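Close look at the chain arrangement
Single-letter residue listing:
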Amino acid sequence: MTTTISPPARDVLTECVRTATAAPSLQNSQPWQFRIRGSRIDVYADPSCHLPVLDPDGREHLISVGAAVFTLRLAIRRSGYRSDHVLFPDAGRPDLVARVTATGPSPVAPATEALAAAIPHRHTNRWPFAQTTVPVAVLDHLREAARREGALLAATGPAGRDAVLRLARRADHQVRARPGYREELRRWTATGPRPDGVPRWAAGPQDSWDALPIREFAEPGGGPHPSDRFEPYPTILVLATRGDQPSDWVRAGQALQRVLLTATWHGLATMPISQPIEEPSVRRLLLDPASGLTAQMLVRVGYGRTVGRTPRRPLAEVLLSTGRRRPT
Ligand SMILES: Cc1cc2nc3c(=O)[nH]c(=O)nc-3n(C[C@H](O)[C@H](O)[C@H](O)COP(=O)(O)O)c2cc1C
């Protein structure tokens, strides 16, 4: 007897794409596009959303797309299908980052349900956190989340944390001094109603102790940034991969989103920190070269206030119709 497996309805996959757009991205640039063909979804990097000053190599661009790929895979699994994925399936199309296929019906595991339920609650939190220790068992769970996506996550101890934060501050100052930095920052700080960029309300205060490199956003009229006291002993995690090629960046993005969602599920607030990775001279110092690992992102986790949801581009802008041509 042969069994015919019917692919998910297009509406189901469209909803999965909508869910994927909740992923985090550098300065809320949302550099992704999707195309549904049958039971398969192609995920593209959108070059019009690249930030050349912060991210000249396109590494964070692909980390952001990777975060959307993980969210898409999770949404497909939560819809009751297995999902397979291949990174860069067409060597001639480097903008085609992933091909995700819904392969067949599958019962939804409780862990999938729990992780997927965290998607709408994950937000970047740039406000002070409570000085409450994150339990070791929770950190272990975050490490496991990164490992499941082919990456490694290390929690810094007190000495390591101080050193990493010193490096991160140095990087922050260096990044801010780059030519074109101010213009790019203004381009991605949302001052009015728009579907991308970081709205002013989502920008937190600067750390009055100047310990944490809180990402700055443009202030109206170029005025000073408000400041506040942040937790004196933040929990800082370092996400790393073994390689540093485009496919490693996409993998890092998938791992980042899995870690962030797992943290959200545990009731933690999260804030990615990427300035130290944006500055090559600092990035090299974050991990022992003997480890063979490359740092891809820092993440601050802790117990924080509730923050709101940043806007997303409408589905019509990111979901390509089957016949619409994309520039190669
Ligand atoms: C590659 C990458 C780098 C990021 N770097 C930082 C950062 O250095 N500081 C920060 O506050 N947020 C950072 N973020 C978070 C984004 O600003 C955030 O995801 C985006 O504004 C959308 O908001 P949301 O996370 O609340 O959905 C980063 C996110 C990604 C994916």
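Because the structure is predicted, anything quoted here is derived from the model rather than measured.

A word on the site of the ligand. Close to the ligand lie 22 residues; Arg122, Thr124, Arg126, Ser274 and Arg312 are nearest. One of the backbone nitrogen or oxygen atoms of serine 25 is found 3.2 Å away from an oxygen atom of the ligand. Within the complex, 99% of the 610 Å² of free accessible area of the ligand lies under protein. The pocket occupied by the ligand, as judged from atoms lying within 2 Å of grid points, is the largest pocket. For the shell around the ligand, the secondary-structure elements that each account for two or more residues are helix H2 (59-78) and strand E11 (269-273). Taken together, the residues that form the shell around the ligand break down as eight nonpolar, nine polar and five charged. Of the domains in this structure, domain 1 (10-120) and domain 2 (136-302) are the two that each give at least three residues to the shell around the ligand.

This next bit is on the packing of H2 against helix H7 (residues 246-265). How two helices sit against one another is set out by the angle between their axes and by the gap between those axes. Where H2 meets H7, the closest approach of the two axes is 6 Å, and the angle between their N-to-C directions is 55°. Taken together, the axes of H2 and H7 lie oblique to each other. Here the hand of the crossing between H2 and H7 comes out right-handed. On H7, the residues that touch Arg59, Leu62, Ile63, Gly66, Ala67, Val69, Phe70, Thr71, Arg73 and Leu74 of H2 are Pro246, Trp249, Val250, Ala252, Gly253, Gln254, Leu256, Gln257, Arg258 and Leu261. Residue classes in the contact of H2 with H7 are distributed as 12 nonpolar, five polar and three charged.

This part is about H2. Here H2 spans 29 Å end to end across 20 residues, near enough to the 28 Å set by a 1.5 Å rise per residue. Most of H2 sits out of view: 18 of its 20 residues are buried. Looking one or two places after H2, you find glycine 80, whose phi comes out positive at around 95°.

We now examine the pattern of salt bridges. Oppositely charged side chains are able to pair whenever their charged atoms sit close together. Here the structure, examined in full by the defined rule, presents 21 salt bridges. For aspartate 162, the salt bridge goes to arginine 161, with nearest N and O atoms at 3.5 Å. For aspartate 162, a relative accessible area of 39% translates into the label partly exposed. Judged by its relative accessible area of 9%, arginine 161 is buried. The partner of aspartate 196 in a salt bridge is arginine 194, and the shortest N-O contact between them spans 2.9 Å. Looking at aspartate 196, the relative accessible area reads 14%, which means it is buried.

If you check the domain split of the protein, you get domain 1 (10-120) and domain 2 (136-302). The straight-line distance from the C-alpha centre of domain 1 to that of domain 2 is 21 Å. Domain 1 puts 35 residues into the contact, and the matching count from domain 2 is 39 residues. Interface area, domain 1 with domain 2, both sides summed: about 2900 Å², of which 64% is carbon and sulfur. The largest share of the area that domain 1 buries against domain 2 comes from Gln27, Val53 and Arg59, three residues that together contribute 24% of it.

Checked against the element boundaries, leucine 212 lands in the loop between strand E8 (206-207) and strand E9 (227-228). For leucine 212, a relative accessible area of 3% translates into the label buried. C-alpha separation for the pair leucine 212 and glutamate 278, spaced 66 residues apart in sequence, amounts to 16 Å. In this structure, leucine 212 is in contact with Leu165, Asp207, Phe230, Glu231, Pro234, Ile236, Ile273 and Arg300, ignoring residues within four places of it in sequence.

Take the packing of aromatic side chains next. Within the structure shown, the criterion is met by zero aromatic pairs. Looking at arginine 187, its charged tip hangs above the ring of tryptophan 188, at a distance of 3.9 Å from the centre. It is arginine 300 that lies over the ring of phenylalanine 129; its NZ or CZ is 3.5 Å from the centre.

A word on the sheet that holds E11. Across the sheet, which stays open at both edges, the four strands sit in the order E5-E10-E12-E11 with antiparallel pairing between neighbours. One side of each edge strand has no neighbouring strand; the edge strands of this open sheet are strand E5 (152-155) and E11. Across this sheet, the average inter-strand angle for adjacent strands is 30°, counted without regard to direction. The pairing of strand E10 (residues 235-241) with strand E12 (residues 294-302) spans seven bridges and is antiparallel. Note on E12: the bridge partner recorded for leucine 237 is valine 299.

About the cut-offs
- Residues numbered from 1 in each chain as written.
- Predicted model: local features only at pLDDT ≥ 70, side-chain atom pairs only at ≥ 80, totals over all residues.
- Heavy atoms only, no water.
- Near = heavy atom within 4 Å.
- Polar contact = N/O pair within 3.5 Å; in protein donor to acceptor, adjacent residues only side chain to side chain.
- Areas by Shrake-Rupley, 256 points an atom, 1.4 Å probe, with all protein chains shown as cover.
- 1 Å grid on protein atoms, 1.4 Å probe; cavity = no way out; pocket = protein on both sides within 12 Å on 5 of 7 lines; lining within 4 Å.
- Sits in = over half its atoms within 2 Å of the grid points.
- Helix = DSSP H or I, 4+ residues; strand = E, 2+ residues; numbered from the N terminus.
- Nonpolar A, V, L, I, M, F, W, Y, C, P; charged D, E, K, R; others polar.
- Domains from an automatic or database assignment.
- Axes fitted to C-alpha atoms, helices over the stretch in contact; angles between N-to-C directions.
- Parallel < 35°, antiparallel > 145°, perpendicular 65-115°, else oblique.
- Left-handed = near helix turned anticlockwise from the far one by under 90°.
- Contact = heavy atoms within 4.5 Å.
- Expected span 1.5 Å × (residues − 1).
- Buried < 20%, exposed > 50% of the residue type's maximum accessible area, 1.4 Å probe, protein only.
- Salt bridge = Lys/Arg side-chain N within 4 Å of Asp/Glu carboxyl O.
- Buried area = accessible area lost by both parts, 1.4 Å probe.
- Phe/Tyr/Trp six-rings, centres within 6.5 Å; stacked < 30°, edge-to-face > 60°.
- Lys NZ or Arg CZ within 6 Å of the ring centre and 35° of its normal.
- Pairing = 2+ DSSP bridges.

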